[in-house]
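Spelled out from the first residue to the last, the chains are:
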Amino acid sequence: MRHASTVQYLLIAILLAAHAGTAYAAEGPFIPIDLGTLGGNALANAVNDSGRVVGVVYGAEFRAFSWTPAEGMIDLGTLGCGGSSKGAAAVNASGQIVGSFTTCDFAEHAFSWTPTGGMIDLGTLGGRAAVASAVNDSGQVVGRSNPTGDFGFRAFSWTPAGGMVDLGTLGGSDGFARAVNASGQVVGFEHLTSTRAFSWTPAEGMIDLGTLGGTTFDFSIAVAVNDRGQVVGASSLNGAHHAISWTRADGMIDLGNLGGPHSEATAVNANGQIVGWSNVGNRFKRHAFSWTPAGGMIDLGVLGETFDLSEAVAVNDRGQVVGSSSRAGYWRAFSWTPAGGMVELPALSGIGGSDAVAVNASGQVVGSSFNVDGYLHPVLWQPITNLGCNATLAGCNLKGANLAGAYLKDRNLSDANLTGANLTNANLAAANLTDTNLKEANLTNANLAGANVNGANVKDVIWSNTICPDGTNSDANGGTCVKHL
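Engineer: Just to check I follow, could you spell out the sheet that holds strand β2 (residues 41–47) for this structure?
Structural biologist: Pairing between the strands of a sheet comes from backbone hydrogen bonds, and it takes one of two forms, parallel or antiparallel. What the 4 strands build is an open sheet, ordered β2-β3-β4-β5; its pairing is antiparallel. Since the sheet does not close on itself, it has two edges, and those belong to β2 and β5 (72–75), each with one partner. Recorded for the sheet is a direction-independent mean angle of 30 degrees between the axes of neighbouring strands. Here strand β4 (residues 62–68) runs beside β5; their pairing, made up of 4 bridges, is antiparallel. Note that in β5 the partner of F65 across the bridge is D75.

Encoded structure:
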């Protein structure tokens with residue numbers, strides 16, 4: 001799992017600037033699920049292994065959201081005053097969500113939200129600002145906050161028992177905690193003469209992880225840590241910066257590059273597989289990489305050659321890597337596995353850009369994509385293997401499946417069993433539904449314009465505001481599409 005990073009916001013800036021493009025191939029191993037919005041554009045930042053997605057809606061006011069298949073998208077609130085929440089950054093296994101919100105006096109405070117307890121204010125270290133960036137499965141929250149009377153930041157850790165505590169400094173200013181593992185080890189970086197990566201534990205306090213170059217003005221950053229205490233990030237080396245791994249046993253090691261000057265690690269899984277990006281040949285081209293102790297750094301390639309760019313941002317314990325890559329002039333979300341290589345994750349509209357930011361244990365990927373109306377929406381890409389399908393949806397048994405919000409335009413679902421399936425808000429335009437069993441399926445707000453439904457079983461289908469295959473609306477047809485197929 002992974003929360004949002006600088007890479008994500010750079011990609012989103014590009015996506016917002018240009019969202020028209022060419023259609024993608026209809027078939028594929030993932031179904032994109034449109035998670036909707038509370039009004040305006042929205043981004044997903046993280047997902048847990050239960051499939052709870054969190055992020056932020058950019059409407060009239062910013063709102064942190066949580067989404068589950070059962071609940072849909074819900075507003076996490078603001079603790080009064082009608083202000084904004086800056087968004088949800090991370091979620092743990094139990095569904096505890098952390099982020100930040102605007103207070104009644106226009107300060108920014110960190111929050112924790114749980115399904116049973118709702119939102120609570122985690123406060124600050126005495127100043128006016130605190131931002132939560134990560135949470136472990138024990139409920140320990142980390143981030144950055146202003147101390148009393150100081151406009152700089154200090155890294156903090158918060159627990160229900162101990163509240164918010166200052167993790168101290170290495171002697172500099174502006175400390176940022178980025179991640180925390182199961183044992184409570186916190187990693188991040190602090191600005192000294194230059195920026196330095198740190199690790200903090202209750203026993204050791206804050207320690208400087210050093211740099212590859214070892215001089216006063218060299219820098220390093222730590223962005224992720226696994227439960228074995230392996231820290232990853234980047235460090236300067238001879239005028240460039242390289243992806244690094246740090247452990248207590250080995251110290252800081254250089255992961256190398258793919259032939260260009262710079263590389264950076266962005267995530268690490270429980271097995272020590274590290275992912276990130278590296279320049280290839282020169283600093284204008286970068287490719288996603290995967291690194292293992294046995295195999296070293298390997299190039300994951302790109303989806304297309306227009307700009308020859310890709311970046312990996314997250315990896316699960318099965319070795320599935322996700323990120324974004326250029327193709328036909330746009331950023332596109334991808335998933336990569338050793339067996340299948342890099343595959344494009346289809347956009348909600350079939351056009352324009354998308355990005356992936358996190359992947360969970362079951363292979364569900366989350367990110368953002370433009371929908372058919374031109375709005376940026378959070379997406380959950382569901383592997384069709386999770387639904388019991390293999391290479392195709394055709395002929396697959398999807399009885400009772402929850403496919404609400406699914407983008408299935410042009411997809412082949414011929415001979416599939418969709419008995420009792422939830423297809424509310426699904427886009428089935430021009431889909432092949434020949435001989436498909438749709439008995440008792442819920443097609444409320446679904447779009448079937450141009451779909452081929454020859455031989456389909458539509459007995460007891462729920463029609464409500466459904467766009468029928470002939471383009472008419474079920475509500476204008478007596479509440480049915482039966483004679484408009």
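That was the structure; now back to the text.
Engineer: What should I look at first to understand the pattern of salt bridges in this one?
Structural biologist: Opposite charge on two side chains lets them pair, provided their charged atoms get close. Summed over all chains, the structure comprises 11 salt bridges. The partner of R52 in a salt bridge is E71, and the shortest N-O contact between them spans 3.6 Å. Here the residue R52 occupies a position in the loop between β2 and β3 (53–58), and E71 occupies one in the loop between β4 and β5, the gap between them amounting to 19 residues. What makes E71 partly exposed here is its relative accessible area of 42%. Between K86 and E108 there is a salt bridge, and its shortest N-O distance comes to 3.9 Å.

Engineer: What is the right way to look at the packing of aromatic side chains in this model?
Structural biologist: To describe a pair of aromatic rings, one takes the distance between the centres and the angle between the planes. Across all of its chains, the model carries 3 aromatic pairs by this definition. With a centroid separation of 6.0 Å and an interplanar angle of 40 degrees, the aromatic rings of F153 and F176 are classed as tilted. Taken together, the residues span a long stretch of sequence, with F153 in the loop between β11 (141–147) and β12 (154–159) and F176 in strand β14 (residues 173–180) at a distance of 23 residues. On the basis of relative accessibility, which here comes to 16%, the residue F176 falls in the buried class. Among the aromatic residues, ring-to-ring pairing joins F153, F176 and F189 into one connected group. Directly above the ring of F153 sits R144, whose terminal nitrogen or CZ lies 5.2 Å from the centroid. The ring of W277 carries R286 above its face, with NZ or CZ at 3.5 Å from the centroid.

Quick notes on the rules
Along each chain, residues carry numbers from 1 onward, in the same order as the chain's sequence is written. At least 70 in pLDDT is required for a residue's local features to be given in this predicted model, at least 80 for side-chain atom pairs to be given and counted, and no such filter applies to totals for whole chains, interfaces and linings, which use all residues. Note: side-chain values were computed over all heavy atoms of the structure, leaving out hydrogens and water. Two strands form a pair only when DSSP identifies at least two bridges running between them. Here a strand is any run of E in DSSP of at least two residues, a helix any run of H or I of at least four, and the numbering for each starts at the N terminus. For every element, the axis is a line fit to its C-alpha atoms; helices are fit only across the contacting stretch, and the angle between N-to-C directions ranges from 0 to 180 degrees. Salt bridges are defined by distance alone: a side-chain nitrogen of Lys or Arg within 4 Å of a carboxyl oxygen of Asp or Glu. To sort residues, take the accessible area from a 1.4 Å probe on protein chains only and compare it with the maximum for the residue type: under 20% means buried, over 50% means exposed, and anything in between is partly exposed. Stacked, tilted and edge-to-face are the three classes applied to pairs of Phe, Tyr and Trp rings, where Trp contributes its six-membered ring and a pair requires centres within 6.5 Å; stacked means planes under 30 degrees apart, edge-to-face means over 60, and tilted covers the rest. A ring is considered to have a charge above it if a Lys NZ or an Arg CZ atom is located within 6 Å of its centre and within 35 degrees of its normal.

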